[in-house]
Every structure is written in structure tokens, then in C-alpha cells.
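Summary of the model geometry
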Amino acid sequence: MKTLIVYGTKSGASKECAEILGEKLSNSTIIDIDQEKPVLEGFTHIIVGAGVRNDKMYKPIRDFLKKSQTDLLSKTIACYLCNSKPKTTQEVIIASIPEAIREQAVEIVSFGGYKPSWVPISTDNKLKGIDLDKISEFAQNYLKHS
Ligand SMILES: Cc1cc2nc3c(=O)[nH]c(=O)nc-3n(C[C@H](O)[C@H](O)[C@H](O)COP(=O)(O)O)c2cc1C
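Right, let's walk through the structure included here. (Residues numbered from 1 in each chain as written. Predicted model: local features only at pLDDT ≥ 70, side-chain atom pairs only at ≥ 80, totals over all residues.)

1. Some thoughts on the overall build of the chain
The cut-off we apply is this: In this text, helices come from DSSP runs of H or I with a minimum length of four residues, and strands from runs of E with a minimum of two, each type numbered from the N-terminal end. Throughout, the radius of gyration refers to the C-alpha atoms, and the reference size of a globule is 2.2 Å times the residue count to the power 0.38. For every residue, the other C-beta atoms within 10 Å of its own C-beta are counted; 20 or more classify it as buried, 12 or fewer as exposed, and values in between as partly exposed. C-beta atoms are placed from the backbone. Any pair of residues counts as being in contact when their C-beta atoms, constructed from backbone geometry, are within 7 Å of one another.
When helices and strands are tallied, the chain shows six helices and six strands. The N-to-C order of helical and strand elements in the chain reads β-α-β-β-β-α-α-β-α-α-β-α. Taking 146 residues into account, the globule formula puts the C-alpha radius of gyration at 15 Å, and the chain, at 14 Å, falls close to it. A principal-axis box enclosing the C-alpha atoms of the chain has dimensions of 40 × 30 × 30 Å. Within the span of the chain, comprising 146 residues, buried residues form 35% of the whole. Within the chain, residue pairs in contact and separated by at least 24 positions form 77% of the contacts whose partners lie at least 6 positions apart.

2. Some remarks on the site of the ligand
We apply this condition: Using a C-beta atom placed from the backbone, a residue is scored as near a molecule or strand whenever that atom is within 6 Å of it. Here the term charged refers only to Asp, Glu, Lys and Arg, the term nonpolar to Ala, Val, Leu, Ile, Met, Phe, Trp, Tyr, Cys and Pro, and the term polar to all other amino acids, Gly among them.
Taken together, 19 residues lie near the ligand, and Ala13, Ser14, Gly51, Asn83 and Gly113 sit nearest. Of all the elements in the fold, those that place two or more residues in the shell around the ligand are helix H1 (13-24) and strand E3 (45-53). For the shell around the ligand, the leading source of residues is E3, giving three residues. For the shell around the ligand, the class distribution of residues is five nonpolar, ten polar and four charged.

3. Side note on the environment of Thr29
Along the chain, Thr29 turns up in strand E2 (residues 28-32). Sequence separation between Thr29 and Leu4 is 25 residues; the distance between their C-alpha atoms is 4.9 Å.

4. Comments concerning the nonpolar core
Across soluble globular proteins, nonpolar side chains show a tendency to be buried alongside one another. Quick reminder of the rule: Nonpolar core, as used here: buried Ala, Val, Leu, Ile, Met, Phe, Trp, Tyr and Cys residues forming one set through C-beta atoms within 7 Å.
Membership of the largest hydrophobic core comes to 38 residues, with the highest contact counts inside it found for Cys17, Ile46, Cys79, Tyr80 and Leu81. Contributions of two or more residues to this core are made by strand E1 (3-8), H1, E3, helix H2 (59-67), strand E5 (76-82), strand E6 (108-110) and helix H6 (132-143). Look past the residues within four positions of Cys79 in its chain and what remains in contact with it is Val48, Gly49, Ile97, Ala105 and Ile108.

5. Points about unusual backbone geometry
The backbone of Asn27 sits at a positive phi, close to 60 degrees, despite the residue not being glycine. Mapped onto the elements, Asn27 comes out in the loop between H1 and E2. The class of Asn27 is exposed, set by 12 C-beta atoms lying within 10 Å. Phi at Asp55 takes a positive value of approximately 65 degrees, unusual for a residue other than glycine. Tracing the backbone shows Asp55 in the loop between E3 and strand E4 (56-57).

6. As for the pairing of E2
The test is simple: Between any two strands, pairing holds if DSSP finds at least two bridges. By convention, orient the strands away from the viewer: a clockwise path from the first strand over the helix to the second makes the crossover right-handed.
Inspection of the sheet shows E1 paired to E2 by five bridges, in the parallel sense. Bridging across to E2, Thr3 finds its partner in Ser28. Regarding the hand of the β-α-β motif, the stretch spanning E1, H1 and E2 is right-handed.

7. Some details on the pairing of E1
Of all six residues in E1, six are buried; the element is thus mostly enclosed. Direction of pairing for E1 relative to E3: parallel, over a ladder of six bridges. Bridge assignment links Leu4 to a residue of E3, and that residue is Ile46.

8. Some details on H1
Counted only if it meets this: Here a helix's expected span is defined as the number of its residues, less one, multiplied by 1.5 Å.
The end-to-end C-alpha distance of H1 is 17 Å, a good match for the 16 Å that twelve residues give at a rise of 1.5 Å each. For H1, every residue scored as buried is listed here: Ala13, Ser14, Glu16, Cys17, Ala18 and Leu21. Check the buried side of H1 and you find it contacts E1, E2, E3, E5 and H6.

Below, the structure written as C-alpha cells:
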């Protein structure tokens with residue numbers, strides 16, 4: 001199991017989550033979509049995560065999911081999102097993730113996120129709003145598909 005974690009972030013939550021997942025999933029590589037174009041070759045497992053604004057996951061991640069759909073469907077794929085309005089999670093997923101990927105993904109989970117008015121700046125509280133139990137569950141479940 002060789003895992004690529006691709007994330008998009010504006011205020012850091014999705015990066016934090018990618019790093020926590022990376023610690024739980026051995027043999028994983030983490031890529032910030034704004035810094036590097038993901039190359040999927042050589043990876044059997046892909047996790048794609050992003051923050052949400054205006055009821056959608058960030059555009060670079062939506063574009064990646066759309067453009068790489070065929071390649072992604074040949075992998076064991078899972079997605080996560082960081083958002084602050086849990087009630088709208090399902091709508092965000094439908095608006096952001098192509099149907100074929102939604103159907104094939106082994107899991108699609110919200111890890112929570114920062115309230116729009118409150119983004120942590122110190123390292124002491126940077127996990128505020130993020131549900132660490134959900135990240136652990138997500139990783140445990142994902143490992144069942146190794
Ligand atoms: C301008 C702005 C708009 C946002 N819009 C939404 C939204 O539509 N739905 C939602 O659930 N959360 C929304 N949020 C909360 C973010 O999803 C949350 O802060 C999350 O942590 C962002 O991920 P990131 O830290 O990886 O960028 C918004 C936050 C900001 C600052």
C-alpha cells in the first residue's frame with residue numbers, strides 16, 4: 001500500500017489533517033495541490049482532501065478530481081473535507097466530487113474545520129475545530145482496504 005495524500009487548503013486545517021493521516025498511514029506521500037502537480041503513477045491508494053468555502057471544496061481540488069477522474073478510479077480512493085457547517089456536508093460533497101468518484105470512494109468524511117471568523121494562529125490551538133477521532137476512524141477504515 002503506497003498512499004498519496006493530496007490536499008488543498010487556505011487556512012491550514014486540511015494540511016493539518018493530511019499530516020495527521022500521513023503519520024497514521026505508513027509509506028505515504030503528502031502533496032499540497034497549490035505547490036505541486038500530483039503524479040499518480042506508482043500509488044495504489046489516493047486520499048484527496050480540501051477545505052470548503054461557499055459550499056464547495058476548493059477549486060484546484062475540484063479540478064483535480066474532475067481531470068484525473070479516470071486515473072483516480074483505478075486506485076483505492078477516499079476523500080475528506082474540512083468545513084465548519086456539518087449540516088451542509090452532504091451538499092458540499094455532491095457539488096464538489098464527481099459522481100463516479102463518490103460511488104467508488106471507500107469513504108468520504110468531514111473532519112470539521114475552523115469557523116470563518118476564527119483561524120488559529122498559534123501552534124497550541126491549531127487543531128481546534130478538527131475532530132481527531134474522525135481522522136483516526138478514517139485511517140483505520142482506510143487501512144482495511146490495503
Ligand atoms: C470565507 C469563508 C467561507 C467559508 N464558507 C464555508 C462554507 O460555505 N461551508 C462550510 O461548511 N464552511 C465554510 N467555511 C469554513 C471553512 O470550511 C473552514 O474554515 C475550513 O477549516 C477551511 O479549510 P482550510 O483551513 O483547509 O482552508 C468558510 C470559511 C471562510 C473563511
